[in-house]
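What follows is the residue order along each chain.
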Amino acid sequence: MKTPIYTYLIIFCLASFFSFAQTTINGKVTDSIGKPIAYANVILQTKQQKNIISFTSTKQDGSFSLETEEEGEYLLAFTSLGYTKKEVEITLPSANPLQLEVSLNEEQMQLDEVIITSENPIQTKKDSVIFDADSFKRGDEVVVEDLLKNLPGVNVESDGTIKVGDREIERLMVDGDDLFEKGYKVLSKNMTSDAVDKIEIYDKYSLNKLLKGIEESDRVAMNIQLKEDYKQEWFGNADLGAGGFDQLYHRNRVNLMSFGKKSKYYFLGNTNNIGIDAIGDVSQMIRPLRYDQPGSVGDGESAKSLLGLSTDVPQLKRERTNFNDAKLASINAIHNLNDQMKIRTVGFFNWDNQDFFRNSTTDFLLDDQNFTNTEDFSMNKRKFIGFGKIDYTYDIADNKMLEYTGAVNFSDNSTLSNLVFNSNSTIESLEEDNQLIDQKVLYTHKLNEQKVFLLSGRYLNEESPQAYVNNQFLFGDLFENAEDTESVGQLSKNKMQFFGVEAEYKNRKKSKDLFEAVLGATHREDRLNSTFQLFDQDNNTTEPNGFQNLTQYQVTDIYAKGKYLYKAKQNLNLSLNLDGHQLINRLNQLEGQTQNQDFFYLQPKLNMRWELNPKNTFIANYIYSTNNASIIDLYQNNILTSFRGFNRGIDQPTQLNASSYMLMYRLGNFGDRFFANFSANYIQNHDFFSSQSFIQQDFQVNEKILIQDQELLNLNAQIDRYFKAISSNVKLKLNYSETNFINFVNQSGAREVDNKMYNFGIEMRSGFLGGFNYHIGTEFRVSQVEVTQDGFSNSFSNTDNFSFLDLTYVFSEQFNVSLNTELYYFGNIESGNRDYYFSDFNARYITKSKNITYGLSFRNLFNTQTFRNFSISDINTTTTSYRLLPRILLIHVDFRF
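Calculation rules
Throughout this document, residue positions are counted from 1 along each chain, in the order its sequence is written. Reporting of local features is limited, given that this is a predicted model, to residues whose pLDDT is at least 70; pairs of side-chain atoms are given and counted only at 80 or more, and all residues count toward the totals for whole chains, interfaces and linings. The side-chain quantities take in all heavy atoms of the structure and omit both hydrogens and water. Here, the term nonpolar core denotes a set of buried Ala, Val, Leu, Ile, Met, Phe, Trp, Tyr and Cys residues that are joined through side-chain atoms within 4.5 Å. Residue exposure (1.4 Å probe, protein chains only): buried if accessible area is under 20% of the type maximum, exposed if over 50%, otherwise partly exposed. Only runs of H or I of at least four residues qualify as helices and only runs of E of at least two qualify as strands under DSSP, and these elements are numbered from the N terminus. Contacts are residue-level and defined by heavy atoms, with any inter-residue pair within 4.5 Å sufficient. Two rings belonging to Phe, Tyr or Trp (six-membered ring only in the last case) form a pair when the distance between their centres is within 6.5 Å. Interplanar angles under 30 degrees mark stacking, angles over 60 mark edge-to-face geometry, and anything in between is tilted. Being paired, for any two strands, means DSSP has found at least two bridges between them. To obtain an axis, a line is fitted to C-alpha atoms, over the contacting stretch when the element is a helix, and the angle between two such axes runs from 0 to 180 degrees between their N-to-C directions. Residues enter patches when their relative accessible area tops 30% and they take part in no salt bridge; the joining distance is 9 Å for like charges and 5 Å for the nonpolar side chains Val, Leu, Ile, Met, Phe, Trp and Tyr. Only the protein chains shown count as cover for residues, with accessible areas throughout obtained via the Shrake-Rupley method and a probe of 1.4 Å. Every case where a carboxyl oxygen of Asp or Glu lies within 4 Å of a side-chain nitrogen of Lys or Arg is listed as a salt bridge. None of His or the chain ends enter the tally, which takes Lys and Arg as positive and Asp and Glu as negative. Taken as the charge location is NZ of Lys, CZ of Arg, CG of Asp or CD of Glu.

Caption draft 1: Looking closely at the nonpolar core. With 54 residues, the main nonpolar core has Leu-148, Ile-162, Met-191 and Met-222 as its most contacted residues. The element that contributes the greatest number of residues to this core is strand E15 (residues 220–226), accounting for four residues. With residues near it in sequence (within four places) discarded, Met-222 still touches Leu-148, Val-154, Ile-162, Val-164, Ile-169, Arg-171, Leu-172, Met-173, Ile-199, Glu-200 and Ile-201. Counting 34 residues, the second largest nonpolar core, distinct from the first, contains Leu-309, Ala-482, Phe-802 and Leu-884.

Pasting the structure below:
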C-alpha cells in the first residue's frame, strides 16, 4: 500500500503532542469557621487577562485537585454562591504538588434586592456543569450543533449524535422542557445558536423527576438556557438559498419559536435538494430505546420489513451520494395547563424524492467454483413519513405523577430501480408502508425519600406490508417446469401486537444501598404472511411450493427481576441482578402442526463500579443472557429478501444463550483537560444462528441453522487531551474487533471464519477564541478475513485511509470563511483512482444589525464525479462505484426576526 506522505506527517505532528509533564495543585476550601464548602469553583487563570486555563470544583469535604503543565505566574480563583471571591497567586511549575488551604468569607447581601452576576465561562455544581455560550463562540456558528462542537468534553459525531465524554445525551431540553427526547437532532441541527445563553450538562440524570436521589443513574442530559431577549417573545429565522451549475439547487430552512413559561412552541420547515439530512435518524423519535430504565416495557418491539433495496454508502458522507428533494415540516408545542398538568405535542412530516446510483463488481471465491457478477444499479425512491405524539403529565401530588404517551406513525415508500445484472436489464418495483400505534401509561408514587413504586402499561400495534415485482426471472435452475416464466413478485405483511404491564419497586437504604424488584408480564402476537409468485407472458401466476409462508407466533413472558446494589467503602459499588422468566411460546406454520413450548430460565448479572477518586473509575460486569428467537428467525419456507436471494428460517421455537464480559477504565471527567476511556468486551454465544448457503451466479439461497460457540472480542481506547500552549484538543482513537464463527456454503464441510478489524485514528481541533481555527485528522481501517476448511486456509485483507482538514477564519464579527477538505484512500483497488478528494467552501457576512446574513457556499469544489471503495467478506470481494452530487454553488440569505 502506498499511503500519501502527508498522512504520515499528520500522524507524526499530532502524536508528538502527547508528551507532557504536569503539576498537581491540591487543597481544601472552608468557610470562616472552618466548615468545608462543597462544590466551590476552583479556576486557574492567567494573571493579566484572566483567561481560564483549567477548572475544577471541590468535593463534599471541600477538597480539590487540579493538574496543569503551565509555566509562569498565575491566579487561582475560588468562588462559591454566598461567599466573597478570593484569588491566590501561584508560580508554576512546582517541583512538588502545591498544597493550599483557602478560607472564604460569607458575602453580605441586602435582603430587599439580591442581584447575582457571574463572569465565569464555566461553572460547576453538584452533578452539573454550566457553560456560558458567548465565551465559546468563534463567530462561524449557525445552529446549536455548531456551538456544541466548541464545548470542552462534548463530542458531536458526523451523524449529529451528541456525546458528553463517551456517553450519548438522553435529552436536549430548552429551558428545562424536552420536545424530542432521543430525536434531539431535529433541534440541534435547526435551532439558531444566537438564542443560546448557557448550556447546562446534567450528570447522573433521572428521566423521571421522582426518581432523583433514589435510582442509580449514569445518564447525561443537556439543557439550553435562552437569552432573556428570546424568552416570551416569538423569534426565528428564514435561511433561503439557491444556485447551481448543471441545474437549480436550493436549501431553505425556516424556524419560528416562542419559549414562554406557560407555553412553548417550535415550528420548523426545511427543504433542500443538495443531499443534506436536516433531521438525523428519526427512528429514535418514533421508537425510542430506553434500556434498563423504569417504564421502558415494550421498548425495542417492532415489526420488521422483509425486503429492501440497499443504498448504504460505507465510509462516505451520505450527503455526497444523496440525490434528494426533501421537504420537512414539524409542529411542536408544550402547554403548562396549570401547576399540575402539562401537555406536549409533536407533529412531524417528511417528504423526499431520492435518486441513487451504484456500479459494482463482485468476485465470488468459493470452494467449488469462482465467478464474477456485475451490477449497474439506479434507483428512485419516493417516501413519506408522518408522525404524531402527545405526552400528558399530571402531578397528582408532590410525590405522585401520572404520565401518558400516545404516538402514531405512518410511512409510505415507493421504489423503482433499473438494474443491469450481468448485462441483463432488470426493473424492480417495491411498494411498502408502515403503520404504528403506540400507547403507554406510567404511574409513579414516591412513598418517601428512599422508596418509590412505579406501575406501567404498554400497547403496540404495527404492520409492515410490502409488494415487490421484478420483470426478469433469474431462478431457472431453482424451479422446475418454469420455462415460460418471465417475471416474479412477492406480497408480504408482518403484523405485530404487543401488550405489557410492569410493576417496579425501588428502595434506597440509609446506607445508600439500593434494592430493586420488578414484576411483569408481556404478550406478543406476530403474523407473517408471504406469497411468492411466478408470472408468465400472459400474466398467469404460479405459487411454487416451499416459497409461501403463513406463520403465527405468540410469546408470553411472565417475569420477576431482582437487583441489590451494595455501596462498599472507598466508592466501591457491587450489584447482583437475577431475572427469572417463564416463556410460553406457540408457533403455527402453513405446513405442519402447532408447536408449543414452555420454558423457564434464569438470567444473572454481576456488576462492579469502583471510583478510586473522582478522576479514576473501573467498571466490570458479567451477564449470562437468554434471548428468545423472533418470528423473523422462525418462518418455515423461503422468502425473497433481495433481487437474487432467498432466506429461510429455522421453523421451531428456539432460545439463544450467551455469556458476556465487560471491563472499562475511565480516567478523568467531561470538561477535564485530559480524558481517557479504555474498554474490553468479550462475548461467547453458546448458541447462534449461522447459515447454510447455496450460491450460484444468478441466485443465492440461505437457510438459518443453529450452531454452538461463536466468539466476539472488542477492544477500544479513546484518549482526549487539551493543550493550553496551543489552545488545541487532541484525540486518539484505537479499536480492535474479532469475530469467529462457522458457516456452510454449497453443501461443503464446515467453514471456520475469522474476521478482524483494526481502526486507528488521531485528530486535533483548535480552540482559539477568534481568528483562525483548524480541525485535522486521519484514520486507518484494516480488515482481514481468514477462512479455514478441511485444513486449508485462505485469507483476504484490505486497508483504507480517511484524512481531513477543516479550516475557519473569522475576519471580524461580521465576516468569516471556512474550508473543509477530505481525502479517501483505498489500497486494494487494482486499477483507476485510489485517492478521492472533496472540498467545500463557505463564506458568511453578517450585517451590523445582525438581522440579515449573506452566505456563499461551494460544495464539491473539485467536482469529483464518482467514488469507489473496496470491501471483503468470507465469500467474495467487491469493488463499488457511486455517482456523486456535482459541484454546487449556492447563494443564500438568512433573515432573523
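Caption draft 2: Spotlight on the environment of Leu-76. Residue placement: Leu-76 occurs in strand E5 (residues 72–79). As a C-alpha pair, Leu-76 and Glu-228 span 152 residues in sequence and 31 Å in three-dimensional space.

Caption draft 3: Examining the packing of aromatic side chains more closely. This structure, assessed with the given rule, holds 47 aromatic pairs. Summarising the aromatic geometry, the rings of Phe-479 and Phe-547 are spaced 4.7 Å apart at their centres and angled 55 degrees between planes, so their arrangement reads as tilted. Taken together, the residues Phe-479 in the loop between strand E24 (451–470) and strand E25 (485–508) and Phe-547 in the loop between strand E27 (541–542) and strand E28 (548–568) connect sequence positions 68 residues apart. You can call Phe-479 buried: its relative accessible area is 10%. Phe-547 sits in the buried class, given a relative accessible area of 8%. Relative to Phe-867, the ring of Phe-838 lies with its centre 6.4 Å away and its plane at 45 degrees, an arrangement referred to as tilted.

Caption draft 4: Fine view of the sheet that holds strand E7 (residues 98–103). Taking strand neighbours across the sheet as the criterion, the three strands line up as E4-E1-E7 in an open arrangement whose pairing is mixed. Only two strands of the sheet have a single partner each, and these edge strands are strand E4 (63–68) and E7. Here the strands of the sheet are splayed against their neighbours by 20 degrees on average, with no regard to which way each runs. Here strand E1 (residues 23–30) runs beside E4; their pairing, made up of six bridges, is antiparallel. Paired with Ile-25 across the two strands is Leu-66, which belongs to E4.

Caption draft 5: Structural view of a positive patch on the surface. Judged by side-chain charge, Lys-126, Lys-204, Lys-212 and Lys-512 come together as a positively charged surface patch. Of note, Lys-204 is situated in the loop between strand E14 (196–203) and E15. You can call Lys-204 partly exposed: its relative accessible area is 41%.

Caption draft 6: Broad picture of the sheet that holds strand E6 (residues 86–92). One open sheet accounts for four strands, arranged E3-E2-E5-E6; its pairing is antiparallel. Of all the strands in the sheet, the pair left with one neighbour each is strand E3 (52–57) and E6. When the angles between neighbouring strand axes are averaged without regard to direction, this sheet yields 25 degrees. Pairing between strand E2 (residues 41–46) and E3: five bridges, direction antiparallel. When the sheet's bridge partners are listed, Leu-44 is paired in E3 with Ser-54.

Caption draft 7: Layout of the pattern of salt bridges. Applying the stated criterion across every chain, the model contains 45 salt bridges. The partner of Glu-822 in a salt bridge is Lys-317, and the shortest N-O contact between them spans 2.8 Å. Here Glu-822, found in strand E41 (residues 815–826), pairs with Lys-317, found in the loop between helix H4 (283–286) and helix H5 (318–321); they are 505 residues apart in sequence, far enough to count as distant. On the accessibility criterion, Lys-317 (37% relative accessible area) is partly exposed. Between Lys-756 and Asp-754 there is a salt bridge whose closest N-O contact spans 3.9 Å. Looking at Lys-756, the relative accessible area reads 22%, which means it is partly exposed. Exposure remark for Asp-754: the relative accessible area of 14% places this residue in the buried category. Connected through salt bridges with shared partners, the residues Arg-171, Asp-178, Glu-181, Arg-344, Lys-389 and Asp-391 form a single ionic network.

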